[in-house]
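If you want the building blocks of each chain, they are given just below.
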Amino acid sequence: MRRDFLPSAEQSRDFYRFLTAVVVPRPIAWVSSRSAEGIDNLAPHSFFTVASVDPPIVQFTSVGRKDSVRNIEATGEFTVNFTPESLFEAVNATGTAFPPEVSEFDAVGLTREASLTVAPPRVLESPAALECRLHSMQQMGNCTLVFGEVLHGVVSEEFLDGNHPLIEALKPLSRLGLDEWGTAGNIRRIRRIPLKEWAQAHYPDVS
């Protein structure tokens, strides 16, 4: 027997919790932005993905109009910092609703690192970051979708195998439902099967 969930006004909160519990795990955009007044903001957004490869564009969603959105609208720039297991408590703390005049860098005790191509700083303690210029924003219901063109990427060398970032070393955090968070856990690897190889294995008599 199954239970139905409907995105009605009466069930909106329950449906939100249902949605974020089944669309998992979700990577986290730890977004650094700077207000027009020069205040550095840092906030985690768990609706985050790659929107385009060429040009390289990432996208995160702000539920409601948070400081991140207002700052990026004002300046056109932001940085996405990687969220590793080792910064679990700090990432969560930057989700606290501090007033706009308070910088999460200072409140939580994180170190600013100058970005190469944009004004918002990187998080020095984070192993990797993407520096972004605003591409576009799209309003969708009570959410703002923010698209940023990646101008520059950086990763600490100890997390690399050649030019490839090692997932076992990065140890990414992810968001699940309610107050639940996830880790990478056991990493499984499997090669994608080319169509010709699949056909030869499953239909050997077909030329």
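What counts, and at which threshold
- Residues numbered from 1 in each chain as written.
- Predicted model: local features only at pLDDT ≥ 70, side-chain atom pairs only at ≥ 80, totals over all residues.
- Heavy atoms only, no water.
- Helix = DSSP H or I, 4+ residues; strand = E, 2+ residues; numbered from the N terminus.
- Buried < 20%, exposed > 50% of the residue type's maximum accessible area, 1.4 Å probe, protein only.
- Pairing = 2+ DSSP bridges.
- Salt bridge = Lys/Arg side-chain N within 4 Å of Asp/Glu carboxyl O.

### Structural notes on the overall build of the protein chain
Thinking step 1. Secondary structure assignment for the protein chain yields six helices and 13 strands.
Thinking step 2. For the protein chain, the C-alpha atoms occupy an extent of roughly 70 × 50 × 30 Å along the three principal directions.
Thinking step 3. For the protein chain, the proportion of its 207 residues judged to be buried stands at 34%.

### With respect to the pairing of strand E8 (residues 128-140)
Remember that side chains alternate between the two faces of the sheet whenever the strand is regular.
Thinking step 1. Pairing analysis gives five bridges linking strand E5 (residues 77-81) to E8, with the strands arranged antiparallel. Considered in E8, the bridge of Glu77 is made with Arg133.
Thinking step 2. Note that E8 and strand E9 (residues 143-155) share twelve bridges and pair antiparallel. By the bridge assignment for E9, Gln138 is matched with Leu145.
Thinking step 3. Counting the residues that bridge the hairpin from E8 to E9 gives two residues, and of these Gly141 lies at a positive phi of roughly 60 degrees.

### With respect to the pattern of salt bridges
Thinking step 1. Evaluated as defined, the whole model comprises ten salt bridges.
Thinking step 2. For Glu131, the salt bridge identified is with Arg122, shortest N-O distance 2.5 Å. Side by side, Glu131 and Arg122 carry an identical accessibility label, which is buried.
Thinking step 3. Between Arg133 and Glu149 there is a salt bridge; the shortest N-O distance is 3.4 Å. Of this pair, Arg133 sits in strand E8 while Glu149 sits in strand E9, and the two are 16 residues apart along the sequence.
Thinking step 4. The class of Arg133 is partly exposed, set by a relative accessible area of 41%.
Thinking step 5. Judged by relative accessible area, Glu149 falls into the partly exposed class, the value being 23%.
Thinking step 6. Linked by salt bridges that have partners in common, Arg34, Asp40, Asp106 and Arg112 make up one network.

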